[in-house]
Amino acid sequence: MTKWEYSTIPLIIHATKQILDQWGDDGWELVQVVPGPDGKGLVAYLKREKN
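As the structure is a computational prediction, the values presented were derived from the model and not from experiment.

Caption draft 1: Just the sheet that holds strand β2 (residues 29–35), in detail. Read across the sheet, three strands follow the order β1-β3-β2 without closing on themselves; strand pairing throughout is antiparallel. The open sheet has two edge strands with one neighbour each: β1 (4–11) and β2. Averaged over all neighbouring strand pairs, the angle between strand axes comes to 20°, with direction disregarded. Looking at chain direction, β2 and strand β3 (residues 42–49) are connected through six bridges and run antiparallel. The residue bridging Glu29 from the neighbouring strand is Lys47, located in β3.

Caption draft 2: Geometry of the nonpolar core. Within the largest apolar cluster, seven residues are counted, these being Ile9, Leu11, Ala15, Ile19, Trp28, Ala44 and Leu46. When contributions to this core are tallied by element, the ones reaching two or more residues are β1 and β3.

Caption draft 3: The arrangement of the pattern of salt bridges in detail. Within this structure, the stated rule accounts for two salt bridges. Glu5 serves as the salt-bridge partner of Arg48, at 2.9 Å between the closest nitrogen and oxygen. Of the two residues, Arg48 is situated in strand β3 and Glu5 in strand β1; the sequence distance between them amounts to 43 residues. The exposure class assigned to Glu5 is partly exposed, which follows from its relative accessible area of 28%.

Criteria and thresholds
Residues numbered from 1 in each chain as written. Predicted model: local features only at pLDDT ≥ 70, side-chain atom pairs only at ≥ 80, totals over all residues. Heavy atoms only, no water. Pairing = 2+ DSSP bridges. Helix = DSSP H or I, 4+ residues; strand = E, 2+ residues; numbered from the N terminus. Axes fitted to C-alpha atoms, helices over the stretch in contact; angles between N-to-C directions. Core = buried A, V, L, I, M, F, W, Y, C linked by side-chain atoms within 4.5 Å. Buried < 20%, exposed > 50% of the residue type's maximum accessible area, 1.4 Å probe, protein only. Salt bridge = Lys/Arg side-chain N within 4 Å of Asp/Glu carboxyl O.

Written out as structure tokens, the structure is:
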């Protein structure tokens, strides 16, 4: 059975691609993007297979 680890990260609007590319290079897969708790920013939920 595959086991996953998860992470949540704030996304800075002017650097979204760079942030996601960096996490993707580290093996993380984007699951979902939702509004942040302040209603202004965005939060990304990511997962990757646990070793």
